[in-house]
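Below are the chains, spelled out letter by letter.
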Amino acid sequence: MLNQKDLFDKPETIHEGLRKRGVSKGELERLTKLATQRRSAISDLDNLRHELNQASQLMQEKARAGEQDAVEAGRQELKSLKTSIKEKDEALNKTEAQLNQMLLELPNIPHASVPEGQDESQNREERLVGELPSFSFKPKPHWEIGEELGILNFEQAAKISGARFVVYRGAGAKLERALINFMLDTAAENGYHEIIPPLLVRAHAMEGSGQYPKFVGESFETLDREYALIPTSEVPLVNLHRDEIIEADNLPIRYTAFTPCFRREAGAAGKDTRGLIRQHQFNKVELVAFTQPENAEAELERLTGNAESILQKLGLPYRVVSLCTGDLGFAAAKTYDLEVWMSGQDTYREISSCSLCGDFQARRAKIRFRRHPEGGKKAKPELIHTLNGSALAVGRTLIAVLENGQQEDGSVVLPEALVPYFGAKTIAPA
RNA sequence: GGAGCGGUGACCGAGUGGUUGAAGGUGCACGCCUGGAAAGCGUGUGUGCGGCAACGUACCGAGGGUUCGAAUCCCUCUCGCUCCGCCA
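Residues numbered from 1 in each chain as written. Chains lettered and ligands numbered in written order. Predicted model: local features only at pLDDT ≥ 70, side-chain atom pairs only at ≥ 80, totals over all residues. Heavy atoms only, no water.

**Topic: the packing of aromatic side chains**
- Summed over all chains, the structure comprises six aromatic pairs.
- Judged by centre distance (5.7 Å) and plane angle (70°), the ring pair of F182 and Y421 falls under edge-to-face. Taken together, the residues span a long stretch of sequence, with F182 in helix α7 (residues 171–189) and Y421 in helix α13 (residues 419–422) at a distance of 239 residues.
- For Y421, a relative accessible area of 30% gives the class partly exposed.
- Considering the side-chain rings of W341 and Y348, the 5.0 Å spacing of their centres and the 70° angle between planes classify their relative orientation as edge-to-face.
- On the basis of relative accessible area, W341 is assigned to the buried category, the value being 10%.
- Connected via pairs of aromatic rings, a cluster forms that spans F215, F330 and F360.
- Of note, R39 hangs over the ring of F8, and the distance from its end group to the ring centre comes to 3.7 Å.
- The ring of F422 is capped by K174, whose NZ or CZ atom sits 5.7 Å from the centre of that ring. (Phe/Tyr/Trp six-rings, centres within 6.5 Å; stacked < 30°, edge-to-face > 60°. Helix = DSSP H or I, 4+ residues; strand = E, 2+ residues; numbered from the N terminus. Buried < 20%, exposed > 50% of the residue type's maximum accessible area, 1.4 Å probe, protein only. Lys NZ or Arg CZ within 6 Å of the ring centre and 35° of its normal.)

**Considering the sheet that holds strand β13 (residues 367–370)**
- Pairing in this open sheet of three strands is mixed, and the strands run β7-β13-β14 from one edge to the other. A single partner strand is all that each edge strand has here, and the edge strands are β7 (244–247) and β14 (381–383). Between one strand axis and the next, the sheet turns by 40° as a mean value, whatever way the strands run.
- Two elements, β13 and β14, share three bridges in a ladder whose sense is antiparallel. When the bridges of β14 are listed, R370 appears paired with P381. (Pairing = 2+ DSSP bridges. Axes fitted to C-alpha atoms, helices over the stretch in contact; angles between N-to-C directions.)

**Some remarks on the domain arrangement of chain A**
- The domain boundaries assigned to chain A delineate domain 1 (6–105) and domain 2 (120–427).
- One C-alpha centre belongs to domain 1, the other to domain 2, and the line joining them spans 44 Å.
- Across the boundary between the two partners, domain 1 contributes five residues, which contact nine residues of domain 2.
- Between domain 1 and domain 2 the total buried area reaches about 650 Å² when both faces are included, carbon and sulfur atoms providing 50% of it.
- On the domain 1 side of the interface with domain 2, the three residues burying the most area are R21, L104 and E105, jointly 84% of the side's total.
- Summed over the shared surface of domain 1 and domain 2, the result is zero salt bridges.
- Tallying contributions element by element places helix α4 (residues 68–105) first for the side of domain 1 that touches domain 2, with three residues.
- Taken together, the residues that form the side of domain 1 that touches domain 2 break down as two nonpolar, no polar and three charged. (Domains from an automatic or database assignment. Contact = heavy atoms within 4.5 Å. Buried area = accessible area lost by both parts, 1.4 Å probe. Salt bridge = Lys/Arg side-chain N within 4 Å of Asp/Glu carboxyl O. Nonpolar A, V, L, I, M, F, W, Y, C, P; charged D, E, K, R; others polar.)

**Quick word on the packing of α7 against helix α10 (residues 296–313)**
- At a minimum axis distance of 10 Å, the contact between α7 and α10 shows a crossing angle of 130°. Regarding the angle of α7 to α10, the classification is oblique. Read as a crossing pair, α7 and α10 show a hand that is right-handed. Where α7 approaches α10, its residues F182, M183, T186 and E189 are matched on the opposing element by S309, I310 and K313.
- Classifying every residue of the contact of α7 with α10 by side-chain character gives three nonpolar, two polar and two charged. (Parallel < 35°, antiparallel > 145°, perpendicular 65-115°, else oblique. Left-handed = near helix turned anticlockwise from the far one by under 90°.)

Right, dumping it as structure tokens:
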């Protein structure tokens, strides 16, 4: 959520930032109009209330002095004052509700270093890492490898749950589990505290991290709408400190969690229908960090590096892309996508998204911190900055491992780093 | 699902319808004391909104109501806790 004050204090930055994110001029005007209305209404109301408070004090004194007539007269007078306060208050509430709804649906302002652009074609490639594997045969896509090895079964999944689900079998299930453990251990080495959060969350948690109200249609919810299934563990992790003021000495806070994630993938109809690229349920190890504002940019580089280190340890070639304004997620101010090379599809595919959200989520979830006192002065609480990134999407990592490690005989050679976790060097046809 | 009890400041915890933004404690900061520290003593310490500021105003889970005046009385909702039932 944006800071209302900024609309007045630095209107150019806000207007320019929102324009880059595709917010129309009309919307901006409406926003400014509502915010201005709100300010003047508050000031009017404060004055009226001041009047009422003063008058009430007088009443008390008169009542004490036993001036019954004066008290009686005052009552009638104050009643009408009260009525007009109530009317103005209702009008203000209405304005604030409209304004708040708008603010909740406006995306974050892009960081200055983010390239401007319409869509993913205008993302900026930051770096290419690793060598692409070469094959003496035509590499297969993972759905063929997986089915031939009997470790991925899409038909069985469809019987149970329909499209966009998978059943992992035998070595496939074990490989997924090995990857999860490997990723969690790596995160722990990098200083992230492991969490197992709830997978069902309330709407206010979804609002805190930025999913609701704008993207209600994209999550799965229980029938009574009491809970939503998390689309990413970023939701519970970010909300861990909701409504808190954290002592600066305890920052940064870094969390990691492995969870399944649930997404409707509404609007993705027809896209990536084969294999397990785009599923309604997938596993992910997530990293989340809370930092002071001045450290947030460095933390983004660190967090991205932490995610990259997993790809490096697995020997998977990838590239780092800086998302342009048009491709940026709702809550993000800046995002690096990690795209892993998938030999069987002959392309790079997103496997991690590392974002700096600034105070956008913190303002929604009321997560603040207090600096260490200086010169006897207690510092005012400030909004914390939040960051998150996948490290990594487990299913997609499994794809990359299968496609890049495949052999002509149909077996798959696993990365060295995974061997201790998986317990074997290869997966061979049964 | 049944029954009961609660939600007050960073934290814990008082609170009679009017002088309570809120006692007391903890924590924290500064000072005294000390060789240094601890303990002890003293002082200070809420958040949001509007305002350059002075200041004003709101806020005691949320929303309504009663009243000239509500943290305090009434209603609704919400969240949490305890006991019973059911259950991995």
